[in-house]
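Understanding the architecture of this molecule
As a plain string of letters, each chain reads:
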Amino acid sequence: MQTGRRPLEELGLSAYEARALLALLRGGPTNSAQLARLADVPRTSTYAAIESLARLGVVRRVPGEGPAVWTALPADEVLERLQTANRVAQEEELNLFRTQLADARRVLAETFPDIPSITLPYVHLVRGAARATRALEQLVAVAKDEVLILDRGQGRIDVPGVLRDALARGVDVRVLTSDGAWPGHGAGAEVRRTATLPVAMTVADGTTALVDLQGPAHAALGGPAAQISLLVENEEMAGALALAFERLWHSL
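Structural notes, computed from the coordinates. Just so we're clear, the structure is a prediction, and the values are computed from it rather than from any experiment.

**Some words on the overall build of the protein**
A count of helical and extended segments in the protein gives nine helices and 10 strands. For the protein, the residues scored as buried account for 38% of the 252 residues in total. Taking all contacts inside the protein whose residues are at least 6 apart in sequence as the whole, residues at least 24 apart take part in 61%. Here the protein has roughly 14,200 Å² of accessible surface; of this, 54% comes from carbon and sulfur atoms.

**Side note on the sheet that holds strand β2 (residues 59-62)**
Adjacent strands of a sheet pair through backbone hydrogen bonds, lying either parallel or antiparallel. Here we have three strands laid out as an open sheet, ordered β1-β3-β2, and antiparallel in their pairing. Edge strands, defined here as strands with exactly one partner in the open sheet, are β1 (30-31) and β2.

**So, the pattern of salt bridges**
Scanning all chains against the criterion turns up six salt bridges. Among the salt bridges present, the one from Arg174 reaches Glu146, with a minimum N-O distance of 3.0 Å. With a gap of 28 residues between them, Arg174 in strand β6 (residues 172-177) and Glu146 in strand β5 (residues 146-151) connect regions that are remote in the sequence. Taking the shortest distance from any N to any O, the salt bridge between Asp172 and Arg174 comes out at 3.7 Å. Of the residues examined, Asp172 reaches a relative accessible area of 35% and is grouped as partly exposed. A residue is classified by how much of its surface remains accessible, and Arg174, at 8% relative accessible area, is buried.

**Overview of the packing of helix α2 (residues 15-27) against helix α3 (residues 32-39)**
Each pair of packed helices gets described by two things: the angle between the helix axes and the distance between those axes. For the pair α2 and α3, the least separation of the axes is 9 Å and the interaxial angle reads 105 degrees. Between α2 and α3, the interaxial angle falls into the category roughly perpendicular. Contact with α2, carried on its side by Arg19, Ala20, Ala23 and Leu24, involves Leu35, Leu38 and Ala39 of α3 and no other residues of that element. For the contact of α2 with α3, the per-class residue count stands at six nonpolar, no polar and one charged.

**Comments concerning unusual backbone geometry**
Of note, the phi angle at Asp40 is positive, near 55 degrees, even though the residue is not glycine. The topology assignment puts Asp40 in the loop between α3 and α4 (43-56). Residue classification places Asp40 among the exposed positions, given a relative accessible area of 55%. Phi at Asp205 takes a positive value of approximately 60 degrees, unusual for a residue other than glycine. Locating Asp205 in the fold gives a position in the loop between β8 (201-204) and β9 (208-212).

**Some details on α2**
Over its 13 residues, α2 extends 18 Å from the first C-alpha to the last, a length consistent with the 18 Å expected when each residue adds 1.5 Å. Every buried residue belonging to α2 is among Glu17, Ala18, Arg19, Ala20, Leu21, Leu22, Ala23 and Leu24, and all of these are buried. Among the residues trailing α2, Gly28 stands out with phi positive, at a value near 80 degrees.

What counts and what doesn't
Think of each chain on its own: its residues are numbered from 1, step by step along the sequence as written. Thresholds applied to this predicted model are a pLDDT of at least 70 for local features of residues and 80 or more for the giving and counting of side-chain atom pairs; totals over whole chains, interfaces and linings are not thresholded and use all residues. Hydrogens and water molecules were not included; the side-chain quantities draw on all heavy atoms of the structure. Strands are runs of DSSP state E lasting at least 2 residues, helices are runs of H or I lasting at least 4, and numbering of each runs from the N terminus. Only protein chains enter the accessibility calculation, which uses a 1.4 Å probe; a residue whose area is less than 20% of its type maximum is buried, one above 50% is exposed, and one in between is partly exposed. Contacts were defined at the residue level, with two residues in contact if any of their heavy atoms lie within 4.5 Å. Calculation of accessible area relied on Shrake-Rupley with a 1.4 Å probe; when residues are assessed, cover is drawn exclusively from the protein chains displayed. At least two bridges found by DSSP between two strands is the condition for calling them paired. Here, a salt bridge means any Lys or Arg side-chain nitrogen found within 4 Å of an Asp or Glu carboxyl oxygen. Angles shown run from 0 to 180 degrees and are taken between the N-to-C directions of axes, each axis being a line fitted to C-alpha atoms and, for helices, limited to the stretch in contact. Roughly parallel means an angle under 35 degrees; roughly antiparallel, over 145; roughly perpendicular, 65 to 115; everything else is oblique. Gly counts as polar in this scheme, as do all residues outside two lists: the nonpolar Ala, Val, Leu, Ile, Met, Phe, Trp, Tyr, Cys and Pro, and the charged Asp, Glu, Lys and Arg. A helix is expected to span 1.5 Å for every residue after the first.

This is the structure in structure tokens:
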């Protein structure tokens, strides 16, 4: 039962939940006792795993009398529901962090009332293309109203995936690109083209941004081969970047 379990765990399932789900996907409708044997999960833990999977909506009870029989949704629907659950959890974590940060600022202001208040941008240094891509996908996944993109042809936006989901949610997506064949064209995003762009960046809701570093600073931090980006979670700075985007957008 090891094969295929790790990807499910990476989507947020526990080891027992992943084993139980795989057993149902492979074996079809099964009662709890049989499932415990097929999934190699202790029987007492099987009940908890099934209840958790049912709350996620990836398994359901088959109507009928006698011992409960469970079945899994089709694999494509299972992955879609797990993806949705992950995005909801990520958004909740981000909102919780922002609330905790605001509380910390309030407590410090109350504790040290005579010290001038200075709001510093909360900035992550993101190293590597893979990490930058994950940060970008999460940025777009939690956007509620607007995504602004300055694209210099890096090709990190996965139109069939996270960007299409944002468009389907009604998020306004606008793109300025120096790439003549930007893949977002025709997918619902509004695209304008220009010969050059000063920087590659994505801003979500005017509150969060991902900016790729280039030039001397980029070379000093990692060299030409390293992808270095700044993840900004500060409304003042992200708002300024959004205003810069608007100025470029309306100049074309």
